[in-house]
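# Coordinate inspection notes
Take a look at the letters that make up each chain.
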Amino acid sequence: MRINILKYLYRGQLADMIYMKNRGEMTKRRVKIVSVEDTTFKVYCFLRNTKRTFKIENILAFVPIANHERDVI
């Protein structure tokens, strides 16, 4: 998963992410990746309109946003 996250970072591509919180709750976020560390990564979260840090191991799904969809938004 870390390799895929790095690809999105280098491309500057937006993604939809489904994430499992430490308490077991699931959340869906639209994000733009800012940086990647060993076990975490920082994103700009469009749901919260701020930067957030997530654990790579807690990602359930990571789907890129197509360029044509981004132009419509």
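Above this note sits the structure.
Residues numbered from 1 in each chain as written. Predicted model: local features only at pLDDT ≥ 70, side-chain atom pairs only at ≥ 80, totals over all residues. Heavy atoms only, no water.

### A closer look at the pairing of strand β3 (residues 40-45)
- Burial along β3 is one-sided: the residues Phe41, Val43 and Cys45 are buried and none of Thr40, Lys42 and Tyr44 is.
- For strand β2 (residues 26-36) and β3, the ladder comprises five bridges, and the chain directions are antiparallel. Bridge pairing in β3 places isoleucine 33 opposite valine 43.
- Adjacent in sequence and paired antiparallel, β2 and β3 are bridged by three residues.
- The hairpin formed by β3 and strand β4 (residues 50-55) contains four residues between the paired strands, and asparagine 49 there has a positive phi angle of roughly 55°. (Buried < 20%, exposed > 50% of the residue type's maximum accessible area, 1.4 Å probe, protein only. Helix = DSSP H or I, 4+ residues; strand = E, 2+ residues; numbered from the N terminus. Pairing = 2+ DSSP bridges.)

### A word on the sheet that holds β2
- If you trace the five strands from one edge of the open sheet to the other, you get β4-β3-β2-β1-β5, paired in antiparallel fashion. Either end of the sheet is taken by a strand with one partner, and the two such strands are β4 and β5 (59-64). Shown here is a sheet whose adjacent strand axes are inclined to one another by a mean of 45°, direction ignored.
- For β3 and β4, the ladder comprises six bridges, and the chain directions are antiparallel. Pairing of valine 43 across the sheet is with arginine 52, part of β4. (Axes fitted to C-alpha atoms, helices over the stretch in contact; angles between N-to-C directions.)

### Details of helix α1 (residues 2-11)
- For α1, every residue scored as buried is listed here: Ile5, Leu6 and Tyr8. Taken down its axis, α1 places every buried residue within 160° of arc, on the same side. Set apart from the buried face of α1 by more than 90 degrees, the exposed residues are Ile3, Tyr10 and Arg11.
- Tucked into the core, α1 has its buried residues touching β2, β3 and β5.
- Of the residues one or two after α1, glycine 12 is the one with positive phi, at around 65°. (Arc of directions from axis to C-beta. Contact = heavy atoms within 4.5 Å.)

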